[in-house]
Amino acid sequence: MCRSLKSSYSSTYLAVPFIVGTLLGTLGLIPHSYALAEESKPKAKPAMADLIKASSAADWRVLDPENTLYMELEKGRVVMELAPDFAPNHAKNIKALVREGYFNGLAIVRSQENYVVQWADPEDENPAKKREIKTARKNLEPEFTVKYDKKLPFTRLPDIDGYAPQVGHANGFPAGRDPKNGTAWLAHCYAAIGVARGNESNSGDGTSLYVITGQAPRQLDRNITVVGRVMQGMELLTTMPRGKGALGFYEKPEEMTSIKSIRIAADVPEAERSKLEIIRTDTPTFKAIVEAQRNRGGDWYKVPAGHIDLCNVPVVVRVKG
């Protein structure tokens, strides 16, 4: 795709053609218009990597330990952050399930190509063997949308979206909103965490969750409760063997991946926590990152798109230094 990894040169070498061109133009050895053309060349636009490198500590926030989940698998840890601003009741119920140990020992039961990975109780349809819910609620009303809180910062994208009147980011989460009815919702972008349900709107209680592992199925927006996003460990989910059953469900217990535990970061000793921080989406730095991705420059890109899809905006997560 890209033949060269070199993207920048020393500023000294970049200055040489300009200096020589201007000098020769002044001496009349080359047309003065050439020197002016060199002088008027537009400056290279900053790339996303440059903006991140130049960012300050104020441009980042640490993950909220009370709303961060650690799913421990045999091959590593998946770090997830819940979004109580968009699904307060489901976030609360999921944390209750976690603290009562509901997910410990359950399994990844589904991996569908270019779609989702899902975990649940493999015996959920067997009343005699299904995992008991102890303290969490067994029935919840859906939270497909919430009333938009004007206090919650929303950095709107300038581009048209086919699934929402307005799209942007709120506290690091890709979201849509409708100013006419005052509602907002999280979008089904890659790494989004949703609450699995049946045909009934209130049939999702958080005991079965899924993560988007393929192209964003935005048609699901406002039809399923989205509760958060995977912040680290997506590679552990996207490389799961694909299920051979309908919709990617595993047909045999030995095909499933066991979940050692799911814990809330606030309940984990400080030394064992994942030290992560996410770029704040309510800052000028983030707006500059969005613009850099909308109009990518450099030597490789010949035609800037002038547009970006909500789910293609990078919301960077990094290990806190």
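Nothing here was measured: the structure is a model prediction, and the numbers come from that model.

Procedures and definitions
- Residues numbered from 1 in each chain as written.
- Predicted model: local features only at pLDDT ≥ 70, side-chain atom pairs only at ≥ 80, totals over all residues.
- Heavy atoms only, no water.
- Phe/Tyr/Trp six-rings, centres within 6.5 Å; stacked < 30°, edge-to-face > 60°.
- Buried < 20%, exposed > 50% of the residue type's maximum accessible area, 1.4 Å probe, protein only.
- Lys NZ or Arg CZ within 6 Å of the ring centre and 35° of its normal.
- Pairing = 2+ DSSP bridges.
- Helix = DSSP H or I, 4+ residues; strand = E, 2+ residues; numbered from the N terminus.

J.: How should I be thinking about the packing of aromatic side chains in this particular structure?
T.: Each aromatic ring pair is specified by the distance between its two centres and by the angle formed by the two planes. Under the defined criterion, the tally for this structure stands at three aromatic pairs. Ring centres 6.1 Å apart and planes at 85 degrees place the aromatic pair tyrosine 148 and phenylalanine 154 in the edge-to-face group. Take tyrosine 148: its relative accessible area is 21%, and that puts it in the partly exposed class. Both rings, one in tryptophan 300 and one in tyrosine 301, keep their centres 4.9 Å apart while their planes meet at 80 degrees; by these two values the pair is edge-to-face. Judged by relative accessible area, tyrosine 301 falls into the partly exposed class, the value being 32%. Across the ring face of tyrosine 70, the terminal group of arginine 77 is positioned such that the distance to the ring centre comes to 4.0 Å. Over the face of the ring belonging to tryptophan 185 we find arginine 222, whose NZ or CZ atom lies 4.1 Å from the ring centre.

J.: Help me understand the sheet that holds strand S10 (residues 183–186), please; the structure alone is not making it clear to me.
T.: Adjacent strands of a sheet form backbone hydrogen bonds with each other and so pair up, either parallel or antiparallel. If you trace the five strands from one edge of the open sheet to the other, you get S6-S10-S9-S8-S7, paired in antiparallel fashion. With partners counted over all chains shown, the strands left at the sheet margins are strand S6 (146–147) and strand S7 (155–156), one partner each. Examined bridge by bridge, S6 and S10 share two bridges and lie antiparallel to one another. Counterpart to valine 146 in the pairing with S10 is alanine 184.

In short, shape yes, function no, at least from these values alone.
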